[in-house]
Amino acid sequence: MPLAFLLVHAKPGRTGTLLLSWMLFAAGIAAYFYVSNARHRDNPEDRVMPTIAQMARGMFDAALRPAEDEEQQPGNISLGRRFLGSMLWKDTVATSRRFFFSMVLLVPAVILGLHMGLFPYVGVFFSRFILFFDKIVALSLLPILFIAFGIDELAKVMLIVIGVTPTIVLDTVNLVRAVPAEQTVKAFTLGAGDFDVAYRVVLKQIMPRVLNGIRLNLKAVMLFLFAGEMIASTDGLAYRIALLRRHMGMDVIIPYVLWVALLLFLVDLGMRMVNRWLHPWFREA
Amino acid sequence: MALIEIRDACVAYGSPPRPVLEGIDLCIAEGEFVCVLGQTGCGKSTLLRLVLGSEQPLRGRVLVDGRVHLHPDRSRGYVPQKYSLFPDKTVLDNITFGPEVGEFSLLGRLTPRFYRRRREFRREAFEYLRRIGMQESDAGKYPDQLSGGMQQRVAIAQALMTQPRILLMDEAFSALDSATRRGMQDLIRQLWRNTGATILFVTHNTQEALSLGTRLIVLAKESAASASRIALDMAVPEPGGEEDVPRLVRRLECAATSEKW
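All figures in this text were calculated on a predicted structure; none of them were measured in a lab.

Conventions adopted
Residues numbered from 1 in each chain as written. Chains lettered and ligands numbered in written order. Predicted model: local features only at pLDDT ≥ 70, side-chain atom pairs only at ≥ 80, totals over all residues. Helix = DSSP H or I, 4+ residues; strand = E, 2+ residues; numbered from the N terminus. Rg over C-alpha atoms; globule rule 2.2 N^0.38 Å. Buried ≥ 20, exposed ≤ 12 C-beta atoms within 10 Å, placed from the backbone. Contact = placed C-beta atoms within 7 Å. Nonpolar A, V, L, I, M, F, W, Y, C, P; charged D, E, K, R; others polar. pLDDT = per-residue confidence, 0-100. Core = buried A, V, L, I, M, F, W, Y, C linked by C-beta atoms within 7 Å. Domains from an automatic or database assignment. Axes fitted to C-alpha atoms, helices over the stretch in contact; angles between N-to-C directions. Parallel < 35°, antiparallel > 145°, perpendicular 65-115°, else oblique. Left-handed = near helix turned anticlockwise from the far one by under 90°. Pairing = 2+ DSSP bridges. Bend = angle between axes of the 7 residues up to and from the residue.

## A word on the overall build of chain B
In step 1: A tally of regular secondary structure across chain B gives seven helices and nine strands.
In step 2: A compact globule built from 261 residues would reach a C-alpha radius of gyration of about 18 Å, and chain B, at 19 Å, matches this within 12%.
In step 3: If you line up chain B on its principal axes, its C-alpha atoms span 65 × 40 × 35 Å.
In step 4: Out of the 261 residues in chain B, the part that is buried amounts to 40%.
In step 5: Of all intrachain contacts in chain B linking residues separated by at least 6 positions in sequence, the fraction that spans at least 24 positions is 71%.

Here you go:
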């Protein structure tokens, strides 16, 4: 059959897989530069689709020029130190700090989910409230958060916590309830107490899936973080993108967006590696 | 005095409650090896859960060692058919889990004494590994790296490490192939003789019940809609007795299906 390679039983080879998986990237990049060049031929001042040279220059300035115009760096300073004094680095640190605090605040969410799933009274006490909370669109709370907590860091971190916590709590509850009853009964017959069952049996078993759940929610975390930074912040990657939007600075916005994607990809990869290292027994299809 | 005493127990599920077990009267003495037989869905596992304490009777009472137990605890070991091992722990950690949680709280694990005792638990666990016919090299494996038979061997060792007076086994060998099953039957019989534990063994395999137990209990329903009752309670005859094995099997199967014998 001539189109057999499109059917269910087709088995792409190693080279075919590699080529196919990169094809859309190559096509997207090629299409961008084709349209960009065409626009620049018509209007050399076009700012909507910067050329590769413009983007490289924009990224170079963002990554290797001092963050503030008034800061002067000596000429012989190393590339590494120039990067550490750059706008890109300072924005990355500011966003990462908020991201890190938000991730730390998800730990109580996991603990709450564990207790809700395992201890019936904790479950009935919290579940209706969390289910209701889960339905609130977190971004609609933004004005309330800024009024209640001011425009400082707390409001942005709270936005992420409110936006992602109910999902993590409910996800953890479901994971706890999916642990076979035989496991908890067995633990009790071996002499475990309630908290042994919670922390030595159930939490340990669900932890790799909880980490996977958090990994899958990374984009939601970043979405809320970016919303907060874009509206009320003086630094951070999203603040810079929002600021440059006013000046049509697409030559920096596009590399910034790619930089954020790269950072998220690295965080995701890091979490996957940590998960594999911490839970060598865990195998998931 | 009986070690396990069930008096007129009734278990019901659903709303309104639909009885699954009705009028269960049973006394099991210390050291007995009781096999519970019956068709699928006749309440064998429910009976076991009553003794385990994870199920409470709607009526009647269940006494283990003269006391009502509202929850599973260390006095009754448990080997289910599936999910008997903790997947996140190695074979060695699974076997030592009981003594460790029994002696050390979550914070107690941070003390130096815990590490001293753990060495002793591990020595004992290696001894159990040897008794169940496994190699020392298996100690570091995770449950999903073991075959079904090996997993059940470890589950038995895990349950026996806490030296329970009562061992409850729920279709523990039903997922195993016949050769592995025979090996496991020999093992459990040998362990029963050595430890003197009281064993309540749920199975739907008549031959297995006859070859393992000292006493057989058959649960059966009179009709599809009715609750199960004890249809037959008998001591396993000595080999070479009056009743030959095929005839005995037929008799037990008739009891399980409420047919007239």
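## Thoughts on the interface of chain B and chain A
In step 1: Listed as interface residues are 24 residues of chain B and, on the opposing side, 20 residues of chain A.
In step 2: Of all the secondary structure elements, the ones that give two or more residues to the side of chain B that touches chain A are strand E5 (76-79) and helix H2 (91-103) of chain B.
In step 3: The dominant element in the side of chain B that touches chain A, judged by the number of residues it contributes, is H2 of chain B, at four residues.
In step 4: Looking at the side of chain B that touches chain A residue by residue, the class counts come to 11 nonpolar, seven polar and six charged.

## A short note on the environment of Phe 195 of chain A
Residues and elements named next belong to chain A.
In step 1: With respect to the secondary-structure elements, Phe 195 resides in helix H9 (residues 194-216).
In step 2: What makes Phe 195 exposed here is the crowd of 12 C-beta atoms within 10 Å.
In step 3: Separated by 80 residues in sequence, Phe 195 and His 115 have C-alpha atoms that sit 9.6 Å apart.

## Concerning unusual backbone geometry
Residues and elements named next belong to chain B.
In step 1: In this chain, Ser 15 is followed by Pro 16 through a cis amide linkage whose omega measures 0 degrees.
In step 2: With respect to the secondary-structure elements, Pro 16 resides in the loop between strand E1 (4-13) and strand E2 (18-28).
In step 3: Phi angles above zero are rare outside glycine, and Asp 8 is one such case at about 45 degrees.
In step 4: A positive phi angle, near 50 degrees, is found at Glu 171, a position not held by glycine.
In step 5: Examined against the element boundaries, Glu 171 turns out to sit in the loop between strand E6 (166-170) and helix H5 (178-195).
In step 6: You can call Glu 171 partly exposed: it has 18 C-beta atoms within 10 Å.

## What to know about the confidence of the model for chain B
All names here are of chain B.
In step 1: Taken as a whole, chain B shows an average pLDDT of 88; of its residues, 96% reach a score of 70 or greater.
In step 2: Ranking the helices and strands of chain B by mean pLDDT puts strand E7 (residues 198-202) first, with 95, and helix H7 (residues 245-256) last, with 72.
In step 3: Complex prediction metrics read pTM 0.84 and ipTM 0.89.

## What to know about the nonpolar core
In step 1: Among the nonpolar cores identified, the biggest contains 120 residues, and Val 36, Leu 200, Phe 201 and Val 218 of chain B are the most heavily contacted of them.
In step 2: Ranked by the residues each element gives to this core, the list is headed by helix H7 (residues 153-178) of chain A, at 13 residues.
In step 3: Beyond its immediate sequence surroundings of up to four residues, Leu 200 of chain B is in contact with Ile 28, Val 34, Val 36, Leu 48, Val 51, Ile 166 and Leu 168 of chain B.

## Details of the domain arrangement of chain B
All names here are of chain B.
In step 1: Domain annotation of chain B identifies domain 1 (1-75 + 164-261) and domain 2 (84-162).
In step 2: The straight-line distance from the C-alpha centre of domain 1 to that of domain 2 is 28 Å.
In step 3: The interface is formed by 14 residues belonging to domain 1 together with 10 residues belonging to domain 2.
In step 4: The leading source of residues in the side of domain 1 that touches domain 2 is H5, at seven residues.
In step 5: Taken together, the residues of the side of domain 1 that touches domain 2 sort by class into 10 nonpolar, three polar and one charged.

## Here we look at the packing of helix H4 (residues 87-118) of chain A against helix H11 (residues 237-246) of chain A
Residues and elements named next belong to chain A.
In step 1: Running from amino to carboxyl end, H4 crosses H11 at an angle of 125 degrees, the nearest separation of the two axes being 7 Å. By the angle class used here, H4 and H11 are oblique. Residues Met 87, Asp 91, Thr 92 and Thr 95 of H4 lie in contact with H11, whose contacting residues are Leu 237, Ala 238 and Arg 240.
In step 2: Here the residues of the contact of H4 with H11 sort into three nonpolar, two polar and two charged.

## Let's talk about the packing of H4 of chain A against H7 of chain A
Residue and element names in this part refer to chain A.
In step 1: Interaxial distance between H4 and H7 falls to 7 Å at its minimum, and their mutual angle equals 30 degrees. Crossing of H4 against H7: the hand is right-handed.
In step 2: Partitioned by chemical class, the residues of the contact of H4 with H7 number 17 nonpolar, five polar and five charged.

## Some thoughts on the pairing of E1 of chain B
Residues and elements named next belong to chain B.
In step 1: Pairing geometry for E1 and E2, over seven bridges, is antiparallel. What sits directly across from Ala 12, in E2, is Pro 19.
In step 2: Connecting the antiparallel pair E1 and E2 is a turn made up of four residues, with Gly 14 showing a positive phi of about 85 degrees.

## With respect to H2 of chain B
In step 1: At Phe 97 of chain B, H2 of chain B is deflected by roughly 45 degrees, the largest bend along its length, and proline Pro 99 of chain B occurs up to four residues later in sequence.
In step 2: H2 of chain B sits mainly inside the fold: 10 of its 13 residues count as buried.
In step 3: Residues of H2 of chain B that are buried in the fold lie against H9 of chain A together with helix H3 (112-131) and helix H4 (148-161) of chain B.

## Focus: the environment of Leu 20 of chain A
In step 1: For Leu 20 of chain A, the location among the structural elements is in helix H1 (residues 14-42).
In step 2: The spatial distance from the C-alpha of Leu 20 of chain A to the C-alpha of Leu 84 of chain A is 38 Å, given a sequence separation of 64 residues.

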